[in-house]
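# Analysis of the macromolecular model
Below, each chain spelled out in residue letters.
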Amino acid sequence: MTRIGFAGIGIMGHGMASNLVKAGHDLLVWNRTPGRAETVEGASVATSLGELSVCDLVLISVSDTPDVDAVAAGLLPTMRSGIIVDHSTIAPAATQLLAGQAASHGVTWLDAPVSGGSEGAARGTLSVMVGGPSAALELALPYLNAYSDNVTHISEDPGSGQMAKMVNQILVVVNQLAVSEALLLASSAGLDLGQTIAAVESGAGGSWMLTNRGPQMVRGDWRPGFTIDLQQKDLRLVLDAADQLGVPTPGTALVFQMYRALQNRGLGSEGNHALIKALESMAGIDFGESGAE
């Protein structure tokens, strides 16, 4: 593969595309807002989405199912071969339809949602969960490795990568609820929050959310690695999938409602670690001086 395209230069896509360039790959990038594409140093900028259809491999990182549909509609009519890797998080059923559409054009579709936040995209340490043909993944893997350090093939079935991402998102938000409750308790008890995190993060209660988002919370830094609005989009997908399968997910549903309360306060653009602000409101207390709004 010599012609590589990337569609979607957002909070995740920018770091991923930049790491592809740093790894020495010739990259053609496109974004709905052209100015964002121009920020990827060393990449060529496509003036239209259709220009990416000549690429052997096209990587997609956009926000939601309608966005992926729009990219596919702009690529598939003139793309006669190659591989599309969708790093977006969308419904498994939608992925299955897109994989079928791609196949009718001679194109292989891999669903490959990612986890690790914007810092993981920038550092090249994302985790990728992939559904679709293993032969196509083998061809795409050298490029995925430019921005990830853990690529797992879930199964040959389209949509299985997206279902694994649903599993990931349950763990993310329920862990974030635990971090929020724990740090609010520590703050209310007058503990040094940095020392408390250091004491527990390597024990049985440790988690990625505690280690990476806990210090941000202590600093009162609500900049997003992943926004509340995007988290809510993913949680809708999780709850829909759980409903279809008849699986109870009460913890996830609770966090969804707490995030909704924060959205109603205009906080949807803050990081998902701002969940603690919902607990502050419930308790009528502030998360220490540094974490207070």
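The paragraphs below set out a description of the structure included in this document.

The rules behind these values
- Residues numbered from 1 in each chain as written.
- Predicted model: local features only at pLDDT ≥ 70, side-chain atom pairs only at ≥ 80, totals over all residues.
- Heavy atoms only, no water.
- Salt bridge = Lys/Arg side-chain N within 4 Å of Asp/Glu carboxyl O.
- Pairing = 2+ DSSP bridges.
- Helix = DSSP H or I, 4+ residues; strand = E, 2+ residues; numbered from the N terminus.
- Core = buried A, V, L, I, M, F, W, Y, C linked by side-chain atoms within 4.5 Å.
- Buried < 20%, exposed > 50% of the residue type's maximum accessible area, 1.4 Å probe, protein only.
- Contact = heavy atoms within 4.5 Å.
- Polar contact = N/O pair within 3.5 Å; in protein donor to acceptor, adjacent residues only side chain to side chain.
- 1 Å grid on protein atoms, 1.4 Å probe; cavity = no way out; pocket = protein on both sides within 12 Å on 5 of 7 lines; lining within 4 Å.
- Points joined across faces, edges and corners; volume = space filled by probe spheres on them.
- Nonpolar A, V, L, I, M, F, W, Y, C, P; charged D, E, K, R; others polar.
- Patch = residues over 30% accessible without salt bridge, like charges linked within 9 Å, V, L, I, M, F, W, Y side chains within 5 Å.
- Areas by Shrake-Rupley, 256 points an atom, 1.4 Å probe, with all protein chains shown as cover.
- Axes fitted to C-alpha atoms, helices over the stretch in contact; angles between N-to-C directions.
- Parallel < 35°, antiparallel > 145°, perpendicular 65-115°, else oblique.
- Left-handed = near helix turned anticlockwise from the far one by under 90°.
- Arc of directions from axis to C-beta.

### What to know about the pattern of salt bridges
For side chains of opposite charge, pairing can occur when their charged atoms come near one another. Following the criterion strictly, the structure yields seven salt bridges and no others. Among the charged side chains, a network of salt bridges with common partners joins Arg219, Asp221 and Arg223.

### Some details on the pairing of strand E6 (residues 108-111)
Both strand E5 (residues 83-86) and E6 contribute to a ladder of four bridges, which runs parallel. Counterpart to Asp86 in the pairing with E6 is Asp111.

### Quick word on the nonpolar core
Within the largest apolar cluster, 31 residues are counted, with the highest numbers of intra-cluster contacts made by Phe6, Leu27, Leu59 and Val85. Only strand E1 (4-7), helix H1 (13-22), strand E2 (27-30), strand E4 (57-60), E5, strand E8 (126-131) and helix H6 (134-144) provide two or more residues apiece to this core. Of the residues forming this core, the biggest block, five residues, is contributed by H6. If we skip the residues at most four places from it in the chain, Leu27 touches Ile4, Gly5, Phe6, Ala17, Leu20, Val21, Ala43 and Ser44. Val172, Ala186, Met209 and Ala278 belong to the second-largest nonpolar core, a separate cluster that totals 28 residues.

### Topic: the environment of Ser48
With respect to the secondary-structure elements, Ser48 resides in the loop between strand E3 (44-45) and E4. Spatially, the C-alpha atoms of Ser48 and Ala146 are 25 Å apart, while their sequence positions differ by 98 residues.

### Some remarks on the environment of Glu51
With respect to the secondary-structure elements, Glu51 resides in the loop between E3 and E4. Along the chain, Glu51 and Gly5 lie 46 residues apart, while their C-alpha atoms are 8.9 Å from each other. Setting aside chain neighbours within four positions, we find Glu51 in contact with Leu28 and Ala46. Polar contacts involving the side chain of Glu51 include one to the side chain of Thr47, which spans 2.3 Å.

### Notes on helix H12 (residues 276-283)
Count 3.6 residues to each turn of an α-helix, and residues three or four apart come out pointing the same way. The complete set of buried residues in H12 reads Ile276, Lys277, Ala278, Leu279 and Glu280. Positioned one or two residues after H12, Gly284 has a phi angle of 70°, which is positive.

### Observations concerning the layout of surface pockets
Taken as a whole, the largest pocket holds about 850 Å³ of empty space. Of the residues forming the lining of the largest pocket, the biggest block, six residues, is contributed by helix H7 (residues 160-188). When the residues that make up the lining of the largest pocket are grouped by side-chain class, the tally is 15 nonpolar, 20 polar and seven charged. Each pocket or cavity is described by its volume, and for the second largest pocket that value is around 180 Å³.

### Section: a nonpolar patch on the surface
A cluster of nonpolar side chains, namely Met163, Leu245 and Val247, defines an oily patch on the protein surface of about 270 Å² accessible area. Overall, the relative accessible area of 60% leaves Leu245 in the exposed class.

### Re the packing of H7 against helix H11 (residues 250-264)
Packing of H7 against H11 leaves a shortest axis separation of 9 Å and a crossing angle of 70°. Comparing their axes, H11 and H7 come out roughly perpendicular. Crossing geometry of H7 relative to H11 is assigned as left-handed. Of H11, the residues touching H7 (which contributes Ile170, Val173, Val174, Gln176 and Leu177) are Gly251, Thr252, Leu254, Val255, Met258 and Tyr259. When grouped by side-chain class, the residues that make up the contact of H7 with H11 number eight nonpolar, three polar and no charged.

### Quick word on the environment of Cys55
Structurally, the position occupied by Cys55 is in the loop between E3 and E4. Residue Cys55 is classed as buried on the basis of its relative accessible area, which comes to 4%. Taking the C-alpha atoms as reference points, Cys55 and Ala23, 32 residues apart in sequence, are found 18 Å from one another. Excluding residues within four positions of it along the chain, Cys55 makes contact with Arg3, Ile4, Gly5, Leu28, Met79 and Ser81.

### Side note on helix H8 (residues 193-200)
Along H8, the residues classified as buried are Leu193, Thr196 and Ile197. What you see down the axis of H8 is that its buried residues fit within an arc of 100°, all on one side. In H8, the exposed positions angled more than 90 degrees off the buried face are occupied by Gln195 and Ala199. Backbone nitrogen of Gly194 and a side-chain oxygen of the N-cap are separated by 3.1 Å at the start of H8; the cap is Asp192.

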